[in-house]
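Chain and residue survey
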Amino acid sequence: MTAKILDGKWLSKSLRQKLRERAAILLEGGIQPGLAVVLLGDDPASKVYVNNKVRACEECGVKSFRHALPPNTTEKSVLSTIAALNADPEIHGILVQTPLPSHINMRRILESISIDKDVDGFHLYNIGGLVVGNSIFPPCTPYGVQLLLETAGIDVSGKNVVVVGASNIVGKPMALMLLQKEATITICHIKTRDLAQHTILADILIVAAGQPKLIVPQMVKRGVVVIDVGINRMPDGSIVGDVDFDGVRKKASWITPVPGGVGPMTVTMLIENTVHAAERKKL
């Protein structure tokens, strides 16, 4: 068995065409979707991520507003910037690029973003909405994973879904979203003992642990669907996921590549949420 590829790059291209059409309809009515990106400091990876998001905005007809702040910017100043963006009618979505400098309270910053502009889906209102299945803006990475599964016709109802990684950005919201789809969820984390005894039972395995090639073939059963959210830069400059792709794909039925799997979907879902925010404004 060789796994079929869950191609996030291909799906993103298709979704972005539809987003361009939706943005064009809004523009005809006098509204151009606008996304503000707030970047603190000089983290090279963060700059790359921001540039990717700005390019995606241009591709989809969304106006981007970049706010680059020095690393020593005070928390009060950041909150003031967000307050101004909350009040700006041209801005429909606000993204604060993480990680933030150590002197900044991330939770306080994220909670200061208007729930109507929280296109990253990290505000407590949206996270809480996942519990009851009523979130306005789902977190982008889990949202992208859900669409990858749905587009491939992979039904999660009644399936054993194992999520490796319990972050607030991916693991926890992913589990909540699939629980709403009637999957049976197991969440593993850094203190889980004998990880393999959990992963071997998975019908669908979602890995977001941040550890290169953590999942090897003997840890999965034949026919498993594998979603690799990890992205790790190795000493030789290569990029690998949290799954041993070459080994696991020989046992899996479906698998995401790294890069080209979940990553493009995350950016596309950010644009989806921004366009949706503009459409809600129009209503």
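Residues numbered from 1 in each chain as written. Predicted model: local features only at pLDDT ≥ 70, side-chain atom pairs only at ≥ 80, totals over all residues. Heavy atoms only, no water.

In the nomenclature of an unreviewed UniProt entry, the chain is known as Bifunctional protein FolD of Acidithiobacillus sulfuriphilus. Turning to the chain, the UniProt record has this under Pathway (unreviewed entry): "One-carbon metabolism; tetrahydrofolate interconversion." (UniProt positions renumbered as here; feature names shortened; annotations may be inferred.)

**Regarding the overall build of the chain**
Each helix and strand in the chain was counted, giving 10 helices and 11 strands. In terms of overall dimensions, the chain is globule-like: its C-alpha atoms have a radius of gyration of 19 Å, near the 19 Å expected for 283 residues. Along the first, second and third principal axes, the C-alpha set of the chain runs to 50 × 40 × 40 Å. Relative to its 283 residues, the chain shows a buried fraction of 48%. The contacts in the chain between residues at least 6 apart in sequence include a share of 72% that link residues at least 24 apart. Surface summary for the chain: the accessible area is close to 13,300 Å², and the carbon and sulfur share equals 54%. (Helix = DSSP H or I, 4+ residues; strand = E, 2+ residues; numbered from the N terminus. Rg over C-alpha atoms; globule rule 2.2 N^0.38 Å. Buried < 20%, exposed > 50% of the residue type's maximum accessible area, 1.4 Å probe, protein only. Contact = heavy atoms within 4.5 Å. Areas by Shrake-Rupley, 256 points an atom, 1.4 Å probe, with all protein chains shown as cover.)

**Examining the pattern of salt bridges**
Any two side chains of opposite charge can pair, given that their charged atoms come close. Scanning all chains against the criterion turns up 11 salt bridges. Between Arg280 and Asp116 there is a salt bridge whose closest N-O contact spans 3.2 Å. Of this pair, Arg280 sits in helix α10 (residues 262-282) while Asp116 sits in the loop between α4 (106-112) and α5 (124-132), and the two are 164 residues apart along the sequence. The class for Arg280 is partly exposed, based on a relative accessible area of 32%. By relative accessible area, Asp116 is classed as partly exposed at 41%. It is possible to trace a salt-bridge network through shared partners that takes in Arg16, Arg20 and Glu59. (Salt bridge = Lys/Arg side-chain N within 4 Å of Asp/Glu carboxyl O.)

**A look at the UniProt feature "domain: Tetrahydrofolate dehydrogenase/cyclohydrolase NAD(P)-binding" (unreviewed entry) in the chain**
In this structure's numbering, the residues bearing the UniProt feature "domain: Tetrahydrofolate dehydrogenase/cyclohydrolase NAD(P)-binding" (unreviewed entry) are residues 139-281. In the segment residues 139-281, helix accounts for 36% and strand for 17%; the C-alpha atoms at its two ends are 20 Å apart.

**A closer look at the domain arrangement of the chain**
Looking at the assigned domains, one finds that the chain contains domain 1 (30-115) and domain 2 (140-262). Taking the mean C-alpha position of each, domain 1 and domain 2 sit 29 Å from one another. (Domains from an automatic or database assignment.)

**What about the packing of helix α1 (residues 8-28) against α10?**
Here α1 crosses α10 at 20°, and the two axes come no closer than 10 Å. What the angle tells us is that α1 and α10 run roughly parallel. As for the relative orientation of α1 and α10, their crossing is left-handed in sense. Of α10, the residues touching α1 (which contributes Gly8, Lys9, Leu11, Ser12, Leu15, Arg16, Leu19, Arg22 and Leu26) are Pro264, Met265, Val267, Thr268, Met269, Ile271, Glu272, Val275, His276, Ala278, Glu279 and Lys282. By residue class, the composition of the contact of α1 with α10 is 11 nonpolar, 4 polar and 6 charged. (Axes fitted to C-alpha atoms, helices over the stretch in contact; angles between N-to-C directions. Parallel < 35°, antiparallel > 145°, perpendicular 65-115°, else oblique. Left-handed = near helix turned anticlockwise from the far one by under 90°. Nonpolar A, V, L, I, M, F, W, Y, C, P; charged D, E, K, R; others polar.)

**A word on the UniProt feature "domain: Tetrahydrofolate dehydrogenase/cyclohydrolase catalytic" (unreviewed entry) in the chain**
Taken from the UniProt record, the annotation "domain: Tetrahydrofolate dehydrogenase/cyclohydrolase catalytic" (unreviewed entry) applies to residues 6-120. With 50% helix and 16% strand, residues 6-120 has end C-alpha atoms that lie 23 Å from one another.

**Here's the deal with the sheet that holds strand β1 (residues 4-5)**
One open sheet holds the 6 strands; their spatial order is β1-β11-β8-β7-β5-β6, and the pairing between them is parallel. In this open sheet, the two strands that pair with only one neighbour each are β1 and β6 (184-188). Taken together, the 5 bridges between strand β5 (residues 160-164) and β6 define a ladder with parallel strand orientation. By the bridge assignment, Val162 is partnered in β6 with Thr186. (Pairing = 2+ DSSP bridges.)

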